[in-house]
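Inside the fold
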Amino acid sequence: SNSLTQRTMSTGGRGSVYKIKLKKKEAEAARDALAKHMYLTLFSWIVKKVSDNMQAEKPPAFSIGVLDIFGFEVMPVNSFEQLCINFANEKLHQQFIHYVFALEMEEYDKEKLGITIDYEDNK
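The following paragraphs examine the structure supplied in this document. (Residues numbered from 1 in each chain as written. Predicted model: local features only at pLDDT ≥ 70, side-chain atom pairs only at ≥ 80, totals over all residues. Heavy atoms only, no water.)

We now examine helix α2 (residues 80-110). Its 31 residues give α2 an end-to-end C-alpha distance of 43 Å, which sits within 8% of 45 Å, the value for a rise of 1.5 Å per residue. Maximum bend of α2: about 35°, positioned at H98. All of the buried residues along α2 are Q82, N86, N89, E90, Q94, I97, A102 and M105. At the exit of α2 stands K112, carrying a positive phi of roughly 50°. (Helix = DSSP H or I, 4+ residues; strand = E, 2+ residues; numbered from the N terminus. Expected span 1.5 Å × (residues − 1). Bend = angle between axes of the 7 residues up to and from the residue. Buried < 20%, exposed > 50% of the residue type's maximum accessible area, 1.4 Å probe, protein only.)

Spelled out as structure tokens, the structure:
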């Protein structure tokens, strides 16, 4: 129950067991390691479930690709960190589209310039 705030140490021969309180930085490192492991385990489980449910009976097989502002990421194993990077890139791309196209179109409309720009907003 205290595994994030203390560690257990036992001595040889006599079987004495000591509980040693962790320093704040050590406890934070333990907490962070546990959280990272939990996220990694959950992410791996989700990827496996999605992959299992997308098995095609014959080629071509289905696949999932994550498109970021630089293109598709093709890796043998994707990690939770890669998902976070792709998610952040997608949010940046949406912000770019909003500021470069959507707000400019609003300005053009206000000024009644009659200019339209065709773009895809893939929110």
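The discussion continues.
On to the pattern of salt bridges, then. Enumeration over the complete set of coordinates arrives at three salt bridges. The partner of R31 in a salt bridge is D32, with the nearest N and O atoms 3.0 Å apart. For R31, a relative accessible area of 45% translates into the label partly exposed. A relative accessible area of 41% means that D32 is categorised as partly exposed. Across the pair K110 and E107 runs a salt bridge whose closest N-O atoms are separated by 3.8 Å. Here K110 and its partner E107 are both found in helix α2, three residues apart, which amounts to about one turn of the helix. Take K110: its relative accessible area is 62%, and that puts it in the exposed class. (Salt bridge = Lys/Arg side-chain N within 4 Å of Asp/Glu carboxyl O.)

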